[in-house]
Amino acid sequence: MSQVPEMLSVSTVAAATVDGVGHHLFKVEGYSRLKRTHDNTGSYLKSSDFTAGGHSWRIHCYLNGVHEEDAGFISLYLKRVGGAGTVHAEFELELVGHAGKAAVLWPSRLRVRRAPAMAFKVGEKKGWGYPKFIAAKDLERSSFLKDDCFAVRCKVTVVEEREAVEEDVTAEDMERVGVVCPCKDDACEFKHERPAQTLWEKIALYCRFVRGEASS
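All values reported here derive from a predicted model rather than from experimental measurement.

A. Spotlight on the overall build of the protein. Of regular secondary structure, the protein possesses five helices and eleven strands. Taking all 216 residues of the protein together, 35% fall into the buried category. Counting contacts in the protein only where the partners sit at least 6 residues apart, residues at least 24 apart contribute 70% of the total. Of the roughly 13,300 Å² that the protein leaves accessible, carbon and sulfur atoms contribute 51%.

And the structure:
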């Protein structure tokens, strides 16, 4: 019986970052005064607009929580401003210490929040963020707050999906799908032929022969 031809092609679709990574440092000075003027749940401070990945962003900081159930917490959100359509972005929000302070000794889970790629649309009320980023009392007794000031670093990475692109077949690709080239020639093309390797493959090949789908 003749060998059964096997063909393999490969394509890849990938997520890629756009125009690098953007960082913004949002400083809050006069925390105790601002806390009194923004003591209503849902009232927020906002950073200036900044650019990351070719899009404009803004941080919203709620000193007494974004929702009623978040009262007593600092809420931090990232909001997209300007532009059209939907943009996917990974982002990171972090409380940063002051020079000479050991804020870095705080566990990262208490000072850093990292989000996977989220869909941002212009016009959304809040964007994406963390309603209970840190309890206000924890912030107030930490070294993050000094001289009535604290700061938040935001890192934004815009992600886009690249269309599937056909690629050259590699030896690793062939091994992963079980296509083995008997010629052992690295210069061979995509078509590879091999005889049936296992008992079940031989039975399947015989059945195709009986049905007239294969010939000897």
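B. Representation of the environment of Val152. Mapped onto the fold, Val152 is located in strand β10 (residues 149–167). The class for Val152 is buried, based on a relative accessible area of 1%. Separated by 41 residues in the primary sequence, Val152 and Arg111 place their C-alpha atoms 9.5 Å from one another.

C. Fine view of the environment of Ser32. For Ser32, the location among the structural elements is in helix α1 (residues 31–37). Owing to a relative accessible area of 31%, Ser32 belongs among the partly exposed residues under this scheme. Spatially, the C-alpha atoms of Ser32 and Leu63 are 10.0 Å apart, while their sequence positions differ by 31 residues. Only 2.8 Å separates the side chain of Ser32 from the side chain of Asp148, close enough to count as a polar contact.

D. Examining the nonpolar core more closely. Among the nonpolar cores identified, the biggest contains 33 residues, and Trp57, Ile74, Phe150 and Val156 are the most heavily contacted of them. Excluding residues within four positions of it along the chain, Ile74 makes contact with Tyr31, Cys61, Tyr62, Leu63, Tyr130, Pro131, Lys132, Phe133, Ile134, Ala136 and Leu139.

Parameters at a glance
- Residues numbered from 1 in each chain as written.
- Predicted model: local features only at pLDDT ≥ 70, side-chain atom pairs only at ≥ 80, totals over all residues.
- Heavy atoms only, no water.
- Helix = DSSP H or I, 4+ residues; strand = E, 2+ residues; numbered from the N terminus.
- Buried < 20%, exposed > 50% of the residue type's maximum accessible area, 1.4 Å probe, protein only.
- Contact = heavy atoms within 4.5 Å.
- Areas by Shrake-Rupley, 256 points an atom, 1.4 Å probe, with all protein chains shown as cover.
- Polar contact = N/O pair within 3.5 Å; in protein donor to acceptor, adjacent residues only side chain to side chain.
- Core = buried A, V, L, I, M, F, W, Y, C linked by side-chain atoms within 4.5 Å.

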